[in-house]
Amino acid sequence: MVDGRSFGMEEQAYTVASDSETPGGEKSSSTFPETAIGIDIGTSHCSMAVWNGSQVELLRNNRNQKLMRSYVTFKDDIPSGGVTNQLSQEYEILSGAAIFNIVRLIGRVDTDPVVHASKTLPFLVQTLDIGVRPFIAALVNNMWRSTTPEEVLAIYLVELRTMAEIQLKRVVRNVVLTIPVAFSRFQLTRVERACAMAGLHVLRLMPEPTAVALLYAQQQQQNVPDNMGSGSEKIALIFNMGAGYCDVAITATAGGVSQIKALSGSTIGGEDMLQNLMHHLLPNMDNLFSSHGVNEIKSMGLLRVSIQDAIHKLSSETSVQVDVDLRNGSKISRVVQREEFEEVNKNVFEKCEILIQQCLKDAKVEAEDVDDAILVGGCSNIPRIRNLVMGTCKKERIYTEMNPWEAAVVGAALEGAIASGVSDPFGTLDLLTIQVTPLSVGIRADGNTFVPIINRNTTMPSRKDLTFTTVHDNQTEALIVVYEGEEQLVEKNHLLGYFKITGIPPAPKGVPEINVGMDIDTSNVLRVFAGVLVPGTQNPVTPFMEVRMPTVDDGHGWCAEALLRKYGSSLDLIMVQKKMQQ
C-alpha cells in the first residue's frame, strides 16, 4: 500500500473542485468580528443560543419562547415561519398551508422510504420514484404553491436571524448548526445551501450528540476542576431522540476534552411513533387521505393533532381518551393504554436498543463502564425510552445536570464561541471535542462492491489511501465512483460523486497501480485523491487529481445507473490486496 505522503501534492498540476458551496469550516481560521450563534433546528422544534461573554444564553422570540416550532406557512404572498409571529398553529396544520418536518425531507430523493412516509403529512408530497427530489407544495387559496426543502429552511433561518439581530442589537452572520448523525454529506450541502440563501455563514455543522458532548465536557470541567491533566476519564453514553432522528454517541471526557469514541444514527423518531399510532387507530388512513383534497388535508390535520396530544399525555399518564371526528364519516373514540402504544411501536424501540448496542460495540465499551447515561431530545420524556436507555446502560438513573431540550443548542453555542476565537479568562471555553466520521467513505470496486477507504468512527482529521489495479488488459482509464455508507452493495449507499482517471499506461491487467486516497479535515470536508503509480517509482505517471465531494446534485439517483449503462465494467478497479491474497 502506498503511504499517504506519496501523493506528491506539492507537484499537483490541477484541482477539480465540486460545485457545492464552500463550507465555513474552511475559513474557520479567520478572525470573525462577532460570536457565532448556535442553532438547533429539529424536525418539530428549534432553539437558538449565544455566548454572552460569561455563559450561554438562549434567545427568545416575542412570545418569550425559547423553544419554537419548526414550520413555514404559505397562506399569504410572503411566507412566514413559526418563529416570531403570533399565528394560529392549529389552523395552519389543518389548512395545508404549513410545511414542516423539513429536516426529514431535505436532501432526499423520491425513492427514499422517509419521503414516502411523509405522504401522510397535511401538505402535498408527491413522488415519481425515479430518483429526483420529491414535489412539495402548500395549499394557498385552493391552489398548490410548490416549494423545496431548501427554500422552506432558508425562510425559517431568515426569521431566526432577524429575531437574533433584534435581540442582540447587532448583525448576525456566523452560525453553528446541529445536524443528525444519519445525515449524508449530500444532505449537509443542502443545509449549507439553505444557510447561504438566508445570508448565514456556516462555521460548523455539528452532529447533535457531539454538541451535547461539548456541554458535558464543560460541566465536568466546572464540577471537578482539579481533574484537569490528572488523566481521570468519564465515559458517557449520549442518547438523543427527537421527532425525526435518533442519535447515539459514546464519549470519553477528561479535563475539558471530550473524545467521541463512536457514533450511530438512524431516521427513527417521534414522527414514526406518531405515524404508527395513527395507522393503528385508523387502519384505512392511507386510502382515506390518498387524494390530498382540501377536506382530506383537514382530516389529516385533525387526526395528527389529536394523536400527538395523546402521545404527550401518555408520557405522564397510563391511559388517555382519544376522541376525534375526521368530518369524512370516520370517527375515533376510544381509550389508548400506554402498553398499547408501546406495543404498536415495538419495532421503533427495538431499533433504538440496536443503535445503543452497536455504538457500545464500535466504541469497545462495556455497558458497565458507562459512568453517565445522558438522555436528550423531544422523546426523552417517554417512559419506555428512559427505561430502555437505563436498562441497556445498566443505570438506575439518567444524568440530570442538563436540560434535555436545550443541551444540543447550548453545545452549539459553546462551539460557536470557540470557533469564533472567543477567549474566556476563567477557562470556561477551554474545551475540545475530538470528532469521528459517522459513516464510512469509499469507492466502487471489485465489481459492484463498496470498498471503504475511511471507515466510520475514524477520528477526524484523517487521511487514508488504498491501492487498486485494472481488471482489463491495456485499460487506460478508470472510473472513481465515491460512496458513503455501511452496506456492501454500492447501490445501497449514498452516491457522493465520480471522476475519471486517464493516462494509465497500456499494460496487462493487474500491473498498473491506481492509488486512491481520501482526506477528511477537522471541518468534515472530504477530498478524494487519485492517480496512477508505476511500481518502483515515487512519482505518478499522470498528475494526481484532487476532487472535493460531493459533486452530484439533484437527480443524483440517476447518476449511478447512467454510469453503469455508459461504461459497464470497462473502467472497473480491483483492490491490490485482494488480488494478492488469491
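Below you will find a few notes about this structure. This one's a predicted model, so the numbers in the text were calculated from it and none came from an experiment. (Residues numbered from 1 in each chain as written. Predicted model: local features only at pLDDT ≥ 70, side-chain atom pairs only at ≥ 80, totals over all residues. Heavy atoms only, no water.)

## Remarks on the side chain of Gln 218
Heads up, the rule is: Secondary structure elements follow DSSP: runs of H or I of four or more residues count as helices, runs of E of two or more count as strands, with numbering from the N terminus. Exposed residues in this analysis have more than 50% of their type's maximum accessible area, buried residues have under 20%, and partly exposed residues fall in between, with area computed by a 1.4 Å probe over protein chains only. Two residues form a contact once any of their heavy atoms are found within 4.5 Å.
Tracing the backbone through its elements, the reader meets Gln 218 in helix α6 (residues 208–223). Gln 218 gets classed as buried once you look at its relative accessible area, which sits at 8%. Setting aside residues up to four positions removed in sequence, Gln 218 forms contacts with Trp 51, Leu 414, Thr 428 and Leu 431.

## Overview of the sheet that holds strand β8 (residues 124–126)
Two strands in a sheet stick together by hydrogen bonds in their backbones, pointing the same way (parallel) or opposite ways (antiparallel). The condition is simple: Pairing between two strands requires that DSSP report at least two bridges joining them. Throughout, an axis means a line fitted to C-alpha atoms (over the contacting stretch in the case of helices), and angles, computed between N-to-C directions, take values from 0 to 180 degrees.
Taken in spatial order, the three strands line up as β8-β9-β10 in an open sheet, and their pairing is antiparallel. In this open sheet, the two edge strands, each paired with only one partner strand, are β8 and β10 (143–147). In this sheet, neighbouring strand axes are inclined to one another by 35° on average, regardless of whether the strands run parallel or antiparallel.

## A word on a negative patch on the surface
Applicable threshold: Candidates for patches are residues over 30% relative accessible area with no salt bridge; among them, like charges are joined within 9 Å and nonpolar side chains (Val, Leu, Ile, Met, Phe, Trp, Tyr) within 5 Å. Per-residue and other accessible areas were derived by the Shrake-Rupley procedure at a 1.4 Å probe size, with only the shown protein chains allowed to occlude residues. Salt bridge, as used here: a side-chain nitrogen of Lys or Arg that lies within 4 Å of a carboxyl oxygen of Asp or Glu. Charge assignment: positive for Lys and Arg, negative for Asp and Glu; neither His nor the chain ends contribute. Positions of charges follow a simple convention, taking NZ of Lys, CZ of Arg, CG of Asp or CD of Glu.
There is a patch of like negative charges on the surface, built from Glu 233, Glu 366, Asp 369 and Asp 371. Mapped onto the secondary structure, Glu 233 falls in the loop between α6 and β13 (234–241).

## A closer look at the pattern of salt bridges
Per the counting criterion, the structure on display carries 19 salt bridges. One salt bridge in this structure joins Lys 66 and Glu 406, with 3.0 Å as the shortest N-O distance. Here Lys 66 is found in the loop between β3 (56–58) and β4 (68–69), whereas its partner Glu 406 is found in the loop between α12 (383–393) and α13 (407–419), with 340 residues between them in sequence. Here Arg 133 and Glu 150 are joined by a salt bridge, their closest N and O atoms 3.1 Å apart. One end of the pair, Arg 133, is in the loop between β8 and β9 (135–140); the other, Glu 150, is in helix α4 (residues 149–168), and 17 residues separate them in sequence. Taken together, the salt bridges that share partners define one network made up of Asp 362, Arg 456 and Glu 486.

## Structural notes on the nonpolar core
General note: in soluble globular proteins, nonpolar side chains tend to be found buried as a group. Filter applied, for reference: Throughout, nonpolar core names a set of buried Ala, Val, Leu, Ile, Met, Phe, Trp, Tyr and Cys residues whose side chains join them through atoms within 4.5 Å.
Counting residues in each nonpolar core, the largest one holds 54 residues, and the members touching the most others are Leu 237, Phe 239, Leu 303 and Val 389. In terms of residues, this core owes the most to one element, helix α11 (residues 346–363), which gives eight residues. Residues within four places of Leu 303 in sequence aside, it is in contact with Met 278, Leu 282, Met 285, Phe 289, Val 324, Leu 326 and Ile 332. Counting 50 residues, the second largest nonpolar core, distinct from the first, contains Met 68, Phe 74, Val 125 and Ile 136.

## A word on the sheet that holds strand β22 (residues 462–470)
In spatial order, the strands read β27-β26-β25-β22-β28; together these five strands make up an open sheet with antiparallel pairing. The strands lining the two open edges of the sheet, one partner per strand, are β27 (545–549) and β28 (573–575). With strand direction ignored, the average angle separating the axes of adjacent strands in the sheet is 30°. When strand β25 (residues 513–520) meets strand β26 (residues 526–533), the two strands line up antiparallel, connected through eight bridges. Each residue of the ladder has a partner; that of Asn 515, found in β26, is Gly 531.

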